[in-house]
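Below are the chains, spelled out letter by letter.
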Amino acid sequence: MKRHTETEENYLKAVYRFSQKLTSEKEFVNTNTIANYLDTSPASVTDMFKRLKGKKLVTYQSYKGVRLTSLGEKVALNTIRKHRLWEVFLVEKLNFSWDNVHEMAEQLEHVDSVELIRALDKFLGYPKFDPHGDPIPSEDGEMQKRKTHLLSEVAAGTEVSIVGVTFSGPDFLQYLDQLQLNIGQRIKVVEKLPYDRSLRLQLDKMTIVLNGNIADQLVVMEG
């Protein structure tokens, strides 16, 4: 029997996502934050938190919210690991586009087979990042770190490579495809325009002007 339901794993993954935005380990993730993110009622979220608390997966306090226990974090990271490995598989081996894999990976991430995921990881060559540039947790929950910036923070005259996105909605990724702003693309920030925060970029032999809001969602790395 599967130890955790798909719904439980989705909740743990959501709590982990917002836990990364907290500034202290003593802070709690707000119930309404999870309710809005999962598009459900605060009452349903509270009921789930009580269930997860009973399984020792979260610490929950009324009027404060929730935070993951070490066991809950392990389950969340394992679910994230499976999701991102499946995205790599779908893009690299089945030739799906990066804007068309999230929903499929959402289903595949709940496959409960340690042997399968180990074999998948080996088959893919032990990738460290998924097609959107997000780090893939190891079986032990470790993730590779690298020094990155948002494109909007890069000074004029700097050459960088795109290594990730902060938002992976299909429409946004398709728009990036049209601009040839994909993972691995090298670009040079030619000019920054203070009036509307636009950036003039050099891509190979092509020059484009990119909206500052888009630049806020592109993760880049120098070198």
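Residues numbered from 1 in each chain as written. Predicted model: local features only at pLDDT ≥ 70, side-chain atom pairs only at ≥ 80, totals over all residues. Heavy atoms only, no water.

Brief notes about the side chain of R84
Inference 1: Within the secondary structure, R84 sits in helix α4 (residues 70–92).
Inference 2: Those residues in contact with R84 that lie beyond four places of it in its chain are D130, D134, P135, I136 and M143. (Helix = DSSP H or I, 4+ residues; strand = E, 2+ residues; numbered from the N terminus. Contact = heavy atoms within 4.5 Å.)

What to know about the packing of helix α1 (residues 6–19) against helix α3 (residues 42–54)
A pair of packed helices can be characterised by two numbers: the angle between their axes and the separation between those axes.
Inference 1: Direction vectors running N to C along α1 and α3 enclose 100°, while the axes themselves pass 11 Å from each other. With respect to α3, the axis of α1 lies roughly perpendicular. Residues T7, E8, Y11, L12 and V15 of α1 pack against S44, V45, M48, F49, R51 and L52 of α3.
Inference 2: Grouping the amino acids of the contact of α1 with α3 by side-chain chemistry returns 7 nonpolar, 2 polar and 2 charged. (Axes fitted to C-alpha atoms, helices over the stretch in contact; angles between N-to-C directions. Parallel < 35°, antiparallel > 145°, perpendicular 65-115°, else oblique. Nonpolar A, V, L, I, M, F, W, Y, C, P; charged D, E, K, R; others polar.)

Things to note about α1
Inference 1: Over its 14 residues, α1 extends 20 Å from the first C-alpha to the last, a length consistent with the 20 Å expected when each residue adds 1.5 Å.
Inference 2: Counting buried residues along α1, 10 of its 14 residues qualify, which places the element largely inside the surrounding structure.
Inference 3: Considering only its buried residues, α1 is in contact with α2 (31–38), α3, β1 (58–61), β2 (65–68), α4 and α5 (102–108). (Expected span 1.5 Å × (residues − 1). Buried < 20%, exposed > 50% of the residue type's maximum accessible area, 1.4 Å probe, protein only.)

Considerations on the packing of aromatic side chains
Inference 1: For the structure shown, the criterion picks out 6 aromatic pairs.
Inference 2: Arranged with centres 5.2 Å apart and planes meeting at 80°, the rings of F18 and Y37 form a pair that is edge-to-face. With F18 in helix α1 and Y37 in helix α2, this pair connects stretches of sequence that are 19 residues apart.
Inference 3: For F18, a relative accessible area of 16% gives the class buried.
Inference 4: Every member of this aromatic cluster is reached through a ring pair, and the members are Y11, F49 and Y60.
Inference 5: Its end group placed over the ring of F18, R17 keeps NZ or CZ at 5.8 Å from the ring centre. (Phe/Tyr/Trp six-rings, centres within 6.5 Å; stacked < 30°, edge-to-face > 60°. Lys NZ or Arg CZ within 6 Å of the ring centre and 35° of its normal.)

Digging into the pattern of salt bridges
Inference 1: This model, assessed by the stated rule, comprises 10 salt bridges.
Inference 2: The residue R118 makes a salt bridge to E139 at a minimum N-O spacing of 2.6 Å. Placement of the pair is R118 in helix α6 (residues 114–123) and E139 in the loop between α6 and β3 (149–150), with a sequence separation of 21 residues.
Inference 3: The partly exposed category is assigned to E139, whose relative accessible area is 44%.
Inference 4: For R197, the salt bridge is made with D216, and the minimal N-O distance between the two is 2.7 Å. Of this pair, R197 sits in the loop between β5 (186–193) and β6 (198–203) while D216 sits in the loop between α8 (212–215) and β8 (218–222), and the two are 19 residues apart along the sequence.
Inference 5: Look at the salt bridges and you will find they share partners, linking E8, R51 and K55 into a network. (Salt bridge = Lys/Arg side-chain N within 4 Å of Asp/Glu carboxyl O.)

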